[in-house]
Amino acid sequence: MRYIPTTSEERQHMLDFLGVDSVEELFDAVPDRIRTEKPLPLPDALAEAQLMRHMKELSESNVSCEHLVSFLGAGSYDHLIPAVVNHITSRGEFLTAYTPYQAEISQGVLQVIFEFQTLIAELTGMDAANASMYDGATSLAEACLMACNVARRSKVLLPETLHPEWVDVVKLYMENQDISVQMIPWNRETGTMDVAALHEDAAGDAACLVIPYPNFFGVIEDVAKLSRWIHDAGGLLVTAADPVSLGLLEAPGAFGADIVVGEGQPFGNTMNFGGPGFGFFACSGSKLIRRMPGRIVGETVDTEGRRGYVLTLQTREQHIRREKATSNICSNQALNALAGAVHLSVIGPQGLKDVAYQCLQKTAYLKSQLRDIGIQAAFSGPTFREFVVQADANWDEVNKRLLDHGFLGGLPLGERFPELQHCVLLSVTEARTKDEIDRFVHALGGLC
Amino acid sequence: MQTKKPVPLIFELSSPGRRGYRYPELDVPETPMEELLPKEHLRREVPKLPEVSEIEVVRHYTGLSRLNHGVDVGFYPLGSCTMKYNPKVNEDIARLPGFSLLHPYQPEETVQGALKLMYKLQSYLTEIAGLSATTLQPAAGAHGELTGLMLMRAYHRERGEDTQRKEMLVPDSAHGTNPASAMMVNYKVREVPSDARGGVDVEALRGMVGPQTAGIMLTNPNTLGLFDENICEVAKIIHDAGGLLYYDGANANAIMGYVRPGDMGFDIVHFNLHKTFSTPHGGGGPGSGPIAVSQRLQDYLPGPLVSKRDGEYVWEYPTKSIGRVRSFFGNFGVLVRAYAYIRSHGPQGLMDVSDTAVLHANYLMRKLQDDFDLPYDRHCMHEFVLSGKRQKNQGVRTLDIAKRLLDYGVHSPTVYFPLIVEEALMVEPTETETLATLDAFVEAMKQIAIEAAEEPETVRQAPYNTPVRRLDDALAARKPVLRWTPRS
């Protein structure tokens with residue numbers, strides 16, 4: 001068969017050695033009455049060439065962002081990815097390894113993770129980071145659980161300006177640990193958390209406040225004020241940061257974040273229909289670091305005094321502590337984190353600043369061009385790479401027409417935010433050109 | 001080919017002003033910064049990313065990759081991890097722009113191919129599990145476990161029994177993720193002992209179940225590589241007590257086409273696509289942990305699922321969905337590879353996979369049973385567990401054996417697990433290795449057994465031929481250095 005190298009002579013040799021007539025005999029512990037009698041109802045095997053033809057057909061029955069010009073963001077972004085990334089992540093030594101349990105033959109992956117941890121710590125302004133989480137949403141859920149454990153409280157404050165899917169994920173995780181979630185309303189004028197609602201008592205016994213940075217609407221929250229407020233109430237500040245924005249925006253560590261999480265897809269990972277990307281998780285102070293979920297790599301020496309790297313602080317983890325572990329996470333998103341590390345390494349500090357600056361400027365350009373044709377931004381707050389516009393239009397219909405022009409329009413918000421019935425969330429990355437933006441504005445002008 | 005040359009950290013290569021990538025010039029009119037961002041929001045300190053050229057980046061990571069063992073490099077018999085060959089064509093397929101460049105919020109009519117793939121994969125996995133519906137959302141096996149247990153709670157809650165059913169039964173041979181996942185949904189873990197044949201102790205189990213039982217988490221074949229002969233009895237005991245059965249599919253490589261978890265009596269099954277269905281492990285991930293469930297649980301599944309209406313594939317939310325366990329729809333890129341794997345095998349091919357995996361494991365087990373202790377003398381399934389008890393008496397620990405194996409260019413088996421076997425070595429050869437590779441492993445293990453008896457110090461000091469010698473774990477934990485810091 002396809003990937004089985006064993007010849008029929010070799011099979012016979014092994015069966016003879018085992019003293020059995022057939023492999024069937026080796027399955028003697030499976031009770032007869034539950035054995036599968038019929039073949040599984042699956043399609044017949046395809047040879048490589050047939051498989052490729054079939055898969056190409058499937059892939060080509062999608063219209064991808066190879067051909068569409070995307071102004072859609074909302075948690076998954078069409079950024080430029082340096083060519084070198086895919087070449088590195090395709091190397092079999094990285095691709096086909098697993099969690100580096102045997103450190104002496106896994107120094108490649110271990111050092112990559114150590115460098116990744118450093119890059120994330122630098123980006124977020126925190127002391128330490130772990131080896132990655134499944135995605136931004138689960139990373140945030142784990143951060144909230146960790147905050148509850150550390151603060152010994154069982155309430156989490158979530159703003160309605162957080163990505164709605166992240167809200168769903170956090171709520172589900174909290175509900176299953178009997179932790180309450182209090183939603184913080186937002187201000188229709190600014191598009192940010194309603195700071196007026198944050199009177200002294202509101203924090204009450206909250207373990208943490210989550211700040212999306214920038215928030216789901218692309219707007220930058222008043223982080224300094226929020227940070228003081230939650231800390232005064234004895235809670236932790238959890239920041240869900242967009243990593244690209246950190247090329248321009250103040251590092252969460254600098255305004256007092258205790259835990260910083262986020263979705264790393266924009267660095268090194270194509271959108272992949274929503275996954276895999278990678279979640280990142282960073283925190284400060286040894287009390288928190290020793291309660292972090294997930295894999296952590298530390299520096300050490302070998303018996304000859306050479307520098308090397310190992311998985312460390314493993315007494316937090318499920319394979320050692322079982323039900324007393326800080327999390328159940330085992331597999332993470334190591335290869336996607338590698339992609340992120342290669343991307344950040346090759347663009348460097350100047351490239352990081354460039355990409356953030358271009359996102360900011362191009363977003364501002366689209367915003368102003370739309371304003372000129374009467375499509376207004378919905379909120380007054382400063383934005384980074386995304387913004388909400390409102391127009392008296394049926395955005396589902398508009399998006400359909402935009403597709404005919406080769407554009408992937410923004411995300412209509414009415415379904416999740418009834419007060420934003422005529423609003424759409426648009427995103428502009430550095431990958432968009434002036435020409436594309438101009439043509440998009442022109443197309444929209446004819447439709448709204 | 002491994003090298004002993006140490007690789008400096010990428011940060012140590014940094015030279016001010018050097019760049020490895022350029023973005024196109026900004027082509028839109030610039031708006032003054034102060035009009036866009038209030039000054040207090042601007043970053044004050046530049047993050048210390050490395051400043052390196054593209055060739056340095058390429059050499060750096062190529063150098064690091066050469067310090068690493070993978071399935072592409074050599075034998076990787078890491079028990080319960082199913083380190084089989086990862087087909088190259090599936091890598092090409094996953095990178096097709098029609099898959100990799102899709103935005104998750106694209107309108108359904110623009111992603112019919114992706115939805116069809118997911119719909120078919122849902123149905124294939126449902127069939128292989130012998131159950132009634134599948135979600136592809138969980139990002140890894142442990143995430144599937146967590147999702148499955150959330151479904152259990154939702155099920156008991158609807159029956160008004162959630163507050164009473166608080167105990168999750170977990171065998172003493174279970175993967176660490178099982179009790180850890182139970183903790184994530186506030187279940188109290190009760191450990192079920194194993195019997196003399198390595199299965200669940202049925203009599204003990206009978207005495208442990210009751211109105212407090214939420215369910216049991218089992219791996220079958222279990223982590224000893226043994227199929228639990230009493231599985232039907234176990235299922236009856238749990239179901240009679242009102243509990244549900246969770247199947248940890250880490251060991252599903254043993255059973256495809258032979259027996260379906262649904263027919264064993266399980267209500268929830270997770271598959272590790274990165275194990276059974278050959279998607280690359282990536283140095284620790286990404287994985288993917290879809291779960292299949294029985295009819296009585298399918299309405300609670302996280303959404304959305306893909307369904308088919310009037311010939312079109314559409315997103316649909318189950319009526320009593322628990323919500324969602326991650327953003328978007330799952331690790332789609334991993335799903336593409338797993339789908340391709342199933343299509344390249346077909347029903348007979350998948351059966352051949354399990355068949356050969358079991359044959360290879362039994363062959364290795366019998367070849368090694370004279371040199372190491374074999375705690376359970378019965379046919380194994382796709383993996384088996386040896387004990388290094390004898391070698392321990394000679395002054396050589398299982399950890400030493402594992403390190404010595406590295407000198408032979410082989411990744412060590414899983415060690416010290418399952419916990420119920422002293423000095424355990426858990427070996428999973430998989431179906432994709434040649435007989436010559438299996439025989440070479442046997443020779444290496446025999447040689448190490450001889451060394452342990454005759455010159456134990458040689459084994460205790462191993463490894464010798466690896467890029468670094470044995471590393472000091474204790475130092476790393478005592479004085480954690482978790483990041484590079486610039487010299488001031």
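Residues numbered from 1 in each chain as written. Chains lettered and ligands numbered in written order. Predicted model: local features only at pLDDT ≥ 70, side-chain atom pairs only at ≥ 80, totals over all residues. Heavy atoms only, no water.

## Things to note about the interface of chain B and chain A
It is common to give the size of an interface as the accessible area lost on bringing the parts into contact.
Piece 1. Counting residues at the interface gives 205 residues for chain B and 193 residues for chain A.
Piece 2. Regarding the contact of chain B and chain A, the summed buried area is about 17,400 Å², with carbon and sulfur atoms giving 64% of it.
Piece 3. For the chain B face of the interface with chain A, the top three residues by lost area are Tyr23(B), Arg43(B) and Leu482(B), together amounting to 5%.
Piece 4. With a shortest N-O distance of 2.7 Å, Glu104(A) and Lys403(B) are connected by a salt bridge.
Piece 5. Linking chain B to chain A there are 94 residue pairs in polar contact (both at pLDDT 80 or more).
Piece 6. Looking at side-chain class alone, the side of chain B that touches chain A contains 111 nonpolar, 51 polar and 43 charged residues. (Contact = heavy atoms within 4.5 Å. Buried area = accessible area lost by both parts, 1.4 Å probe. Salt bridge = Lys/Arg side-chain N within 4 Å of Asp/Glu carboxyl O. Polar contact = N/O pair within 3.5 Å; in protein donor to acceptor, adjacent residues only side chain to side chain. Nonpolar A, V, L, I, M, F, W, Y, C, P; charged D, E, K, R; others polar.)

## Remarks on the pairing of strand β3 (residues 188-192) of chain B
All names here are of chain B.
Piece 1. In terms of strand pairing, strand β2 (residues 167-171) meets β3 through 5 bridges, oriented parallel. Within β3, the position partnered with Glu167 by the bridge is Lys188.
Piece 2. Assessed by its sense of winding, the connection that carries the chain from β2 through helix α7 (residues 177-184) to β3 is right-handed. (Pairing = 2+ DSSP bridges. Helix = DSSP H or I, 4+ residues; strand = E, 2+ residues; numbered from the N terminus. Right-handed = clockwise from strand over helix to strand, strands pointing away.)

## Thoughts on the sheet that holds strand β11 (residues 414-415) of chain B
Residues and elements named next belong to chain B.
Piece 1. What the 3 strands build is an open sheet, ordered β10-β12-β11; its pairing is antiparallel. Either end of the sheet is taken by a strand with one partner, and the two such strands are β10 (384-387) and β11.
Piece 2. Examined bridge by bridge, β10 and strand β12 (residues 424-427) share 4 bridges and lie antiparallel to one another. What sits directly across from Val385, in β12, is Met426.

## Thoughts on the nonpolar core
Piece 1. Grouped together as the largest cluster of nonpolar side chains are 138 residues, with contacts concentrated most on Met55(A), Phe217(A), Phe273(A), Leu413(A), Leu205(B) and Phe277(B).
Piece 2. Element by element, the count of residues in this core is highest for helix α11 (residues 332-368) of chain B, at 18 residues.
Piece 3. When sequence neighbours within four positions are dropped, the list of residues in contact with Leu205(B) reads Leu169(B), Val192(B), Val200(B), Ile216(B), Val234(B), Ile237(B) and Ile238(B).
Piece 4. Of all hydrophobic cores here, the second largest spans 85 residues; its members include Met126(A), Val223(A), Phe255(A) and Cys359(A). (Core = buried A, V, L, I, M, F, W, Y, C linked by side-chain atoms within 4.5 Å. Buried < 20%, exposed > 50% of the residue type's maximum accessible area, 1.4 Å probe, protein only.)

## Remarks on the environment of Cys330(A)
Piece 1. Position of Cys330(A) among the secondary structure elements: in the loop between α11 (318-321) and α12 (334-372).
Piece 2. Overall, Cys330(A) belongs to the buried group, its relative accessible area being 17%.
Piece 3. Remark: the alpha-carbon pair of Cys330(A) and Pro266(A), spanning 64 residues in sequence, is separated by 24 Å.
Piece 4. Ignoring any residue separated from it by four or fewer positions in sequence, one finds Cys330(A) in contact with Tyr101(A), Arg295(A), Gln318(A), Ala142(B) and Thr177(B).

## Observations concerning the sheet that holds β2(B)
All names here are of chain B.
Piece 1. Within the open sheet, the 7 strands sit side by side as β1-β7-β6-β5-β4-β2-β3. Their pairing is mixed. A single partner strand is all that each edge strand has here, and the edge strands are β1 (133-135) and β3. Averaged over all pairs of adjacent strands, the angle between their axes in this sheet comes to 25 degrees, without regard to strand direction.
Piece 2. The pairing of strand β4 (residues 213-218) with strand β5 (residues 244-249) spans 4 bridges and is classified as parallel. Opposite Ile216, over in β5, you have Leu245 as the bridge partner.
Piece 3. Where helix α6 (residues 141-158) meets the sheet, its contacts fall on β2, β4, β5, β6 (268-271) and β7 (291-293), and the angle it forms with β5 comes to roughly 170 degrees. (Axes fitted to C-alpha atoms, helices over the stretch in contact; angles between N-to-C directions.)

## Comments concerning the domain arrangement of chain B
Piece 1. Taken as a whole, chain B is organised into domain 1 (10-65), domain 2 (90-345) and domain 3 (347-474).
Piece 2. For domain 1 of chain B versus domain 3 of chain B, the distance between C-alpha centres works out to 46 Å. (Domains from an automatic or database assignment.)

## Examining the side chain of Glu115(A)
Piece 1. With respect to the helices and strands, the residue Glu115(A) is situated in helix α5 (residues 107-124).
Piece 2. The buried charged residue Glu115(A) lacks any salt bridge partner; its closest oppositely charged side chain belongs to Arg307(A), at an N-O distance of 7.3 Å. (Lys, Arg positive; Asp, Glu negative; His and termini not counted.)

## Considering the domain arrangement of chain A
Residue and element names in this part refer to chain A.
Piece 1. Splitting chain A by domain gives domain 1 (69-80 + 349-445) and domain 2 (83-343).
Piece 2. The C-alpha-based centres of domain 1 and domain 2 are spaced at 27 Å.
Piece 3. Listed as interface residues are 34 residues of domain 1 and, on the opposing side, 28 residues of domain 2.
Piece 4. Ranking the residues of domain 1 by area buried against domain 2 places Phe379, Phe384 and Arg416 at the top, with a combined share of 22%.
Piece 5. Along the contact surface separating domain 1 from domain 2 lie 2 salt bridges.
Piece 6. With its nearest N and O atoms 2.8 Å apart, the salt bridge here joins Arg416 to Asp168.
Piece 7. Joining domain 1 to domain 2, the criterion identifies 10 residue pairs in polar contact (both at pLDDT 80 or more).
Piece 8. Those elements giving two or more residues to the side of domain 1 that touches domain 2 turn out to be α12, β12 (386-390) and β15 (423-427).

## Let's talk about unusual backbone geometry
Piece 1. A cis amide bond, omega 10 degrees, links Gly285(B) with the succeeding residue Pro286(B).
Piece 2. For Pro286(B), the location among the structural elements is in the loop between β6 and β7.
Piece 3. In the segment running from Ala462(B) into Pro463(B), the intervening peptide bond is cis, with an omega of 0 degrees.
Piece 4. Topologically, Pro463(B) is positioned in the loop between α15 (456-460) and α16 (473-478).
Piece 5. Notably, Leu313(A) is not glycine yet its phi reads approximately 50 degrees, a positive angle.
Piece 6. Of note in the backbone geometry, Arg322(A) takes a positive phi value of approximately 50 degrees without being a glycine.
Piece 7. With respect to the secondary-structure elements, Arg322(A) resides in the loop between α11 and α12.
Piece 8. Using a relative accessible area of 8% as the deciding quantity, one classes Arg322(A) as buried.

## Description of empty space enclosed by the protein
Piece 1. Within the structure shown, the criterion is met by 10 cavities of 30 Å³ or more.
Piece 2. The space that makes up the largest cavity amounts to roughly 300 Å³.
Piece 3. Lining of the largest cavity is provided by 22 residues; of these, Gly75(A), Tyr77(A), Trp166(A), Pro214(A) and Asp242(A) occupy positions nearest its centre.
Piece 4. Breaking the lining of the largest cavity down by element, the ones donating at least two residues are β5 (208-213), β6 (236-241) and β7 (259-263) of chain A.
Piece 5. Residue composition of the lining of the largest cavity, grouped by class: 13 nonpolar, 5 polar and 4 charged.
Piece 6. Both domain 1 (69-80 + 349-445) and domain 2 (83-343) of chain A contribute no fewer than three residues apiece to the lining of the largest cavity.
Piece 7. Lining the second largest cavity we find 14 residues, and of these Pro171(B), Ser173(B), Leu218(B), Thr219(B) and Asn222(B) sit closest to its centre.
Piece 8. Taken together, the residues that form the lining of the second largest cavity break down as 5 nonpolar, 8 polar and 1 charged. (1 Å grid on protein atoms, 1.4 Å probe; cavity = no way out; pocket = protein on both sides within 12 Å on 5 of 7 lines; lining within 4 Å. Points joined across faces, edges and corners; volume = space filled by probe spheres on them.)

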